[in-house]
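Below, each chain spelled out in residue letters.
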Protein chains: 2
Amino acid sequence: MKKIDKLVVCGVGLIGGSVALALRKAGLVNRIVGVGRRPEPLAVARQLGVIDEVSTDWAEALDGAEFVLLAMPVGQMDVVAAAMAPHLSPETIVTDAGSTKRDVIEAIYRHLGPNLANVVPAHPIAGAEKSGPTAARADLYQGRKVVITPLPENSPAAIARVREVWAVCGALLHEMSPQEHDRVFAAVSHLPHLLAFGLVHELAERANAEQLFSYAASGFRDFTRVAGSHPEMWRDICVANRHSLMAELDAYLSELAWLRALLLAGDGPTLEKVFDEASRARNEWADKAFPATPSGE
Amino acid sequence: MKKIDKLVVCGVGLIGGSVALALRKAGLVNRIVGVGRRPEPLAVARQLGVIDEVSTDWAEALDGAEFVLLAMPVGQMDVVAAAMAPHLSPETIVTDAGSTKRDVIEAIYRHLGPNLANVVPAHPIAGAEKSGPTAARADLYQGRKVVITPLPENSPAAIARVREVWAVCGALLHEMSPQEHDRVFAAVSHLPHLLAFGLVHELAERANAEQLFSYAASGFRDFTRVAGSHPEMWRDICVANRHSLMAELDAYLSELAWLRALLLAGDGPTLEKVFDEASRARNEWADKAFPATPSGE
């Protein structure tokens, strides 16, 4: 890959910081400029060597920038795209790391019309229960999927450049339409997060919350791990993808209504059939997706 | 602790097998007899040294037995108690490891009336995503809670003996009423299992299940880990504790209905507040309950 002379990373947390570290480790970037809303994470990222410089001004940051990675929560996409627009050179390649794609693409069309050839939306699939620049690691994307949802206006060269950057990070590249992306991730990521946040919230508000939590064990720990995720990031994802997410939630509510009817009827054989199918599907998937240990432990 | 001369374990899987291994490792048992429905796990348990002998006959197994641990799925409790009853000496101490307590206690009252002084219900809180005798380990209960739900008829000596056995396994002992036990575990264990089974089942039945699973990542892996659990064991738990479980499910369905309304309204601030409260509660709990690593990883 041709070295990037100036890389701009907006949002220097786990996601953006890990790309910066991976490119630096590969020796494929000369200079990394961090941009963000708050000075603290930027200062930490500089101390840790994740970025070389902090910029508070898009005109300065984008001046001579070859590659821009937008890795802030998706709710900021509109404001960031609007701020970048007046200063963005037609040569600069831009990609993002947002967990939703339709809303990000709407913001791109709203503000970056003259640059559409070079703005390539993408979504790296990497666990984000920890956040901030201290959580960033050069190997975060090793073997992880990155889904690119190219725009019809994207130039083949820009798509190739974005693929190249993610490949250097160790990622496996996939392409999808933004609509399909948002439906798939509503089902396998956004809904589980909402369900886990909801369960913990409901229990935490009870008078006997302390007693309940004191008897929760490793099953509860694993089930609720995603409820420890970044609240603002997940607010933005849930709001941005709310139509697909509500469709998934409704399908799930139907399943729960059916399970409730089975419980009410004391229908052991059907419950066992459901649990058996789920257990097989889950363990077959986990053994394939996380082959290191049985059942993806 | 006074050595047990003859220990009988009914159900030689993860739960029963781990007690056997812990007592043997501590040198506190002379002879361990395994009882069960199916010959294969018993043969495996004998090969692995989890038990010394296999018995297919309760008269023989209970002859001279000092201590009996019932560690089969709770749905078998009624049949097992009925089969034991004619052969159970008034001196033998009996305990169980069932994840539900009211149904187990009903079976005890139905069949073991003359032995109530010595039949002490209990529930070890140990993850059971893996099952079978090969999963058994001497240290499974180290630092884990065991909840004893004594009967009013239990003798103090029998309760003390059961506590002693679990303490040798490394467990931390707690006492609760059976009613309270079943409510607490419906909330923090049975409901999460049902929710995870339901999510995987609903996705696995879709035409595009393979695509969906192919994009599921570590968040989904953790959220669904409990859906890899033993289907029959969980069928029994859900049927036995269905009244408490339905009450918990209904509370959760109300929470989800509210979250759905927030999504429909696009109410980001309230969603963020919910996620923030959940995230704090979850991480505070996990850091305390699993102090080895931040947020209970």
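Residues numbered from 1 in each chain as written. Chains lettered and ligands numbered in written order. Predicted model: local features only at pLDDT ≥ 70, side-chain atom pairs only at ≥ 80, totals over all residues. Heavy atoms only, no water.

Participant: Just checking my understanding: could you explain the overall build of chain A for this structure?
Facilitator: Helix and strand counts for chain A come out as 12 helices and nine strands. Overall, the C-alpha framework of chain A stretches about 70 × 40 × 35 Å when taken along its three principal axes. By residue count, 59% of the 297 residues in chain A fall in the buried class. For chain A, contacts bridging at least 24 residues in sequence account for 76% of all contacts bridging at least 6. Carbon and sulfur atoms make up 53% of the accessible area of chain A, which totals about 11200 Å². (Helix = DSSP H or I, 4+ residues; strand = E, 2+ residues; numbered from the N terminus. Buried < 20%, exposed > 50% of the residue type's maximum accessible area, 1.4 Å probe, protein only. Contact = heavy atoms within 4.5 Å. Areas by Shrake-Rupley, 256 points an atom, 1.4 Å probe, with all protein chains shown as cover.)

Participant: Is there a simple way to explain the interface of chain B and chain A in this structure?
Facilitator: A common way to express how large an interface is: the accessible area buried when the components associate. Taken together, the contacts link 86 residues of chain B with 86 residues of chain A. For the pair chain B and chain A, the summed buried surface comes to about 8400 Å²; carbon and sulfur atoms form 68% of the total. Linking chain B with chain A are eight salt bridges. Ionic pairing is found between R260 of chain A and D250 of chain B, a salt bridge with its closest N-O pair at 2.6 Å. Contributing elements (two or more residues each) for the side of chain B that touches chain A: β8 (145-148), α7 (178-204), α8 (209-214), α9 (218-223), α10 (231-240), α11 (242-265) and α12 (268-289) of chain B. Among the residues forming the side of chain B that touches chain A, the class breakdown is 48 nonpolar, 16 polar and 22 charged. (Buried area = accessible area lost by both parts, 1.4 Å probe. Salt bridge = Lys/Arg side-chain N within 4 Å of Asp/Glu carboxyl O. Nonpolar A, V, L, I, M, F, W, Y, C, P; charged D, E, K, R; others polar.)

Participant: Please clarify how the sheet that holds strand β1 (residues 4-10) of chain A should be interpreted in this entry.
Facilitator: In a beta sheet, neighbouring strands are held together by backbone hydrogen bonds and run either parallel or antiparallel to one another. Residues and elements named next belong to chain A. With respect to topology, six strands assemble into an open sheet ordered β3-β2-β1-β4-β5-β6, the strand pairing being parallel. Looking at strand neighbours, the two that pair on one side only are β3 (53-54) and β6 (119-120), the edges of this open sheet. The sheet contact formed by β1 and strand β2 (residues 29-35) spans six bridges and is parallel. From the neighbouring strand, V9 faces β2, where its bridge partner is G34. In the packing of helix α1 (residues 14-25) onto the sheet, the strands contacted are β1, β2 and β4 (67-70), and the crossing angle to β1 comes to about 165 degrees. (Pairing = 2+ DSSP bridges. Axes fitted to C-alpha atoms, helices over the stretch in contact; angles between N-to-C directions.)

Participant: I'm lost on the relation of the copies chain B and chain A in this one. Help?
Facilitator: Relating the two copies of this chain is a rotation about some axis coupled with a shift parallel to it. Between chain B and chain A, which share one sequence, the superposing operator has a rotation angle of 180 degrees and an axial displacement of 0.0 Å; the RMSD is 0.0 Å. The relationship between the two copies is best expressed as a two-fold rotation axis. Closest approach to the rotation axis among the C-alpha atoms of chain B is made by F223 of chain B, whose C-alpha sits 2.0 Å away. Comparing interface residues between copies, 100% of those in chain B also sit at the interface in chain A, which points to an isologous, same-surface contact. (Least-squares fit on C-alpha atoms with pLDDT ≥ 70 in both.)

Participant: How should I be thinking about the domain arrangement of chain A in this particular structure?
Facilitator: Residue and element names in this part refer to chain A. With domains assigned, chain A is organised as domain 1 (4-176) and domain 2 (180-266). For domain 1 versus domain 2, the separation of C-alpha centres amounts to 29 Å. The interface of domain 1 with domain 2 comprises 18 residues on the first partner and 18 residues on the second. Inspection of the domain 1/domain 2 interface yields two salt bridges. Between E232 and R37 there is a salt bridge, and its shortest N-O distance comes to 3.1 Å. For the pair domain 1 and domain 2, the interface holds eight residue pairs in polar contact (both at pLDDT 80 or more). (Domains from an automatic or database assignment. Polar contact = N/O pair within 3.5 Å; in protein donor to acceptor, adjacent residues only side chain to side chain.)

Participant: Just checking my understanding: could you explain the nonpolar core for this structure?
Facilitator: Generally speaking, nonpolar side chains in soluble globular proteins are found buried as a group. Within the largest apolar cluster, 142 residues are counted, with the highest numbers of intra-cluster contacts made by W58 and L70 of chain A together with W58 and L70 of chain B. Leave out the neighbours within four places in its chain, and L70 of chain B touches C10, W58, M77, V80, M84, V94, T95, D96 and A97 of chain B. (Core = buried A, V, L, I, M, F, W, Y, C linked by side-chain atoms within 4.5 Å.)

Participant: Just to check I follow, could you spell out the packing of helix α11 (residues 242-265) of chain A against α11 of chain B for this structure?
Facilitator: How two helices pack is summed up by the angle between their axes together with the distance between the axes. Here α11 of chain A crosses α11 of chain B at 165 degrees, and the two axes come no closer than 11 Å. The pairing of α11 of chain A with α11 of chain B is recorded here as roughly antiparallel in orientation. The way α11 of chain A lies across α11 of chain B gives a crossing that is left-handed. Contacts from R242, L245, M246, L249, D250, L253, L256, R260, L263 and L264 of chain A of α11 of chain A reach α11 of chain B at R242, L245, M246, L249, D250, L253, L256, R260, L263 and L264 of chain B. (Parallel < 35°, antiparallel > 145°, perpendicular 65-115°, else oblique. Left-handed = near helix turned anticlockwise from the far one by under 90°.)

Participant: Just to check I follow, could you spell out the sheet that holds strand β7 (residues 122-124) of chain A for this structure?
Facilitator: Residue and element names in this part refer to chain A. Ordered in space as β7-β8-β9, the three strands form an open sheet in which the pairing is mixed. Every other strand in the sheet has two partners, leaving β7 and β9 (172-175) as the edge strands with one partner each. On average, each strand axis in the sheet is inclined to that of its neighbour by 20 degrees, with strand direction left out of account. Pairing of strand β8 (residues 145-148) with β9, which is carried by four bridges, proceeds in the parallel orientation. Its bridge partner being in β9, K145 is matched across the sheet by L172.

Participant: Looking at this structure, how should I read the pattern of salt bridges?
Facilitator: Between side chains of opposite charge, a pair can form as their charged atoms come close. Summed over the entire model, instances satisfying the criterion amount to 44 salt bridges over all chains. Among the ionic pairs, D182 of chain B bridges to R102 of chain B, the shortest N-O distance being 3.1 Å. With D182 of chain B in helix α7 and R102 of chain B in helix α5 (residues 102-111), the pair connects residues that are 80 residues apart, well separated along the chain. Residues joined in a network through salt bridges with shared partners are R221, D222 and R225 of chain A together with R221, D222 and R225 of chain B.

Participant: Looking at this structure, how should I read α5 of chain B?
Facilitator: Residues three or four positions apart in an α-helix share a direction because the helix packs 3.6 residues into each turn. Those residues of α5 of chain B lying buried are D103, V104, I105, A107 and I108 of chain B. Buried-residue contacts for α5 of chain B involve α4 (77-84), β5 (93-96), β6 (119-120), α7 and α10 of chain B.

Participant: Explain the pairing of β2 of chain A here, please?
Facilitator: Where a strand is regular, its side chains alternate between the two sheet faces. All names here are of chain A. Burial of β2 is extensive: five of the seven residues sit out of reach of the surface. As for the winding sense of the linkage, the β-α-β connection from β1 through α1 to β2 is right-handed. As paired elements, β2 and β3 share two bridges and run parallel to each other. Bridge pairing in β3 links G34 to V54. Running through helix α2 (residues 39-47), the crossover from β2 to the neighbouring parallel element β3 is right-handed. (Right-handed = clockwise from strand over helix to strand, strands pointing away.)

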